[in-house]
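Architecture at a glance
Single-letter residue listing:
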Amino acid sequence: MNLNDSQLLVRDLAREFTNDVIRPLVTELDQSERYPDDLYRRMGELGLFGICVPEALGGAGLDTLSYTLVMEELARGYASVADQCGLVELITTLLVSHGTPDQQNAWLTGIMTSQIRVAYCITESEAGSDVSGIRTTAVRQGDDWILNGGKLWIHNAPVADLGFVLARTNPEAGHRGMSIFVVDLTGEGVTRGSREHKMGQRASPVGALHFDNVKLPSNALLGDENQGFYMMMNVLDKGRVGIAALAVGIAQAGMEAALDYAGERKQFKQHIIDFQGLQWMLADMAKELKAARLLVREAARLIDQGENATMTCSMAKCFATDMAVKCTSDAVQVFGGSGYIRGFEVERLYRDAKITQIYEGTNQIQRTIIARELMKHGACS
């Protein structure tokens, strides 16, 4: 698939920033688990957040394919940084699609410049893959709302200023009775849980949030009342293709590291890349990486053309993330014992890849969605 000039420009910008700024910081970020606020502000200045926000609202006004190119390049450097880019893209998409002019003016620029840190608050202890199981509630009190409940495993929860929180506003209506609220996470009644220590993507802080009679003004409601479930679901196609692109970036880094090492490492008086068994392993990595990248770009194209992209986005997310785990596992195998040692890039890439099979809908859920779409629309061609 050919890329146009603007797509090439933003890809090259992200690639240069990754090579010059992100990659030198990766080891320190992985070890310290530090939230790199300074790094994100530099990305905001370059316009690498909110890629698809219209120019009239202060964004780059680019397409979904451009967003996936940025995600891939950032993840080739460090998946935690790409994950932050993906989070901002989902939040800004919600604001652009459903926010009032006042809400957009109040928050969009700050979010895109990383002056405002955000969290996307859906998951609960009994509502992970099953979003309809959430128990957090928002009850009207005059013109205001009272929010009660808790969220779990929330990206940026330990550091975020604003939370976009899915809550029940009509408990009797199931998923048809949910709404999204923009919550000041520094306000009264909001408690943050301890920061979790993760296996991978360690510079993406994750934690719990608890809401105890949090009073929200009427303008905290995003979009229409009781439409929150559908609003969240409508951005998931972009979320899933973004994670697929992130996984491609991780796998690309693993492939590059394995190829370089195989050309340097000697055993039995020859470079290990000269052994056919290892050549076949590298060939499989390359072909599966290529297939995943093409599937990501096809999914992005469908979104940009306004076509039904749900099945293709789920295919891209499922295939690319499974591929990333296998590719980084094989990269560790190429490195042998060195690949199992903390401090080698492939060891970190393997840890970073695993979560991609879980978040933004587990790959088991993606297979269910694919099957459901097949039953609705028949086999794809």
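Coordinates for the structure precede this section.
Below, the structure is looked at part by part.

Core analysis: the biggest nonpolar cluster contains 97 residues, and M43, I111, Y120 and F164 have the highest contact counts within it. In terms of residues, this core owes the most to one element, helix α8 (residues 236-264), which gives 16 residues. Counting 20 residues, the second largest nonpolar core, distinct from the first, contains L147, I154, A220 and L221.

Turning to the state of the cysteines, a few remarks are in order. Using the criterion set out here, one finds zero disulfides in the structure. With no disulfide of its own, C52 lies 9.2 Å from the sulfur of C85, the closest cysteine sulfur. No disulfide involves C327; its sulfur sits 16 Å from the nearest other cysteine sulfur, which is in C318. Overall, the relative accessible area of 3% leaves C327 in the buried class.

For the rest of this paragraph, the subject is helix α10 (residues 310-335). For α10, spanning 26 residues, the distance from its first C-alpha to its last is 37 Å, which sits close to the expected 38 Å at 1.5 Å a residue. Across the 26 residues that make up α10, a large majority, 19, are buried. Directly beyond the C-terminal end of α10, a positive phi value near 65 degrees is found at G336.

Quick look at the packing of helix α1 (residues 5-22) against helix α4 (residues 64-77) now. How two helices sit against one another is set out by the angle between their axes and by the gap between those axes. Where α1 contacts α4, the two axes come as close as 9 Å, and the packing angle between them is 15 degrees. Taken together, the axis directions place α1 and α4 in an arrangement best described as roughly parallel. Crossing hand, α1 versus α4: right-handed. Contacts between α1 and α4 involve Q7, V10, R11, A14, R15, T18, N19 and I22 from the former and L65, S66, L69, V70, E73, L74, R76 and G77 from the latter. Taken together, the residues that form the contact of α1 with α4 break down as seven nonpolar, five polar and four charged.

Another point: the pairing of strand β4 (residues 162-168). The element β4 is largely enclosed, with a buried count of seven among its seven residues. Residues of β4 alternate between two faces, with L162, F164, L166 and R168 on one and G163, V165 and A167 on the opposite face, all of them buried. Judged from the four bridges that link them, strand β1 (residues 118-121) and β4 form a sheet pairing that is parallel. By the bridge assignment, C121 is partnered in β4 with V165.

Attention shifts here to empty space enclosed by the protein. Evaluated as defined, the whole model comprises one cavity of 30 Å³ or more. If you trace the largest cavity, you find it lined by Y35, Q84, V88, I111, S114, I116, R117 and V118. Of the residues contributing to the lining of the largest cavity, the split by class is five nonpolar, two polar and one charged.

Each value, and the rule that gives it
Residues numbered from 1 in each chain as written. Predicted model: local features only at pLDDT ≥ 70, side-chain atom pairs only at ≥ 80, totals over all residues. Heavy atoms only, no water. Core = buried A, V, L, I, M, F, W, Y, C linked by side-chain atoms within 4.5 Å. Buried < 20%, exposed > 50% of the residue type's maximum accessible area, 1.4 Å probe, protein only. Helix = DSSP H or I, 4+ residues; strand = E, 2+ residues; numbered from the N terminus. Disulfide = S-S within 2.5 Å. Expected span 1.5 Å × (residues − 1). Axes fitted to C-alpha atoms, helices over the stretch in contact; angles between N-to-C directions. Parallel < 35°, antiparallel > 145°, perpendicular 65-115°, else oblique. Left-handed = near helix turned anticlockwise from the far one by under 90°. Contact = heavy atoms within 4.5 Å. Nonpolar A, V, L, I, M, F, W, Y, C, P; charged D, E, K, R; others polar. Pairing = 2+ DSSP bridges. 1 Å grid on protein atoms, 1.4 Å probe; cavity = no way out; pocket = protein on both sides within 12 Å on 5 of 7 lines; lining within 4 Å. Points joined across faces, edges and corners; volume = space filled by probe spheres on them.

None of the figures reported here should be taken as evidence of function without further support.
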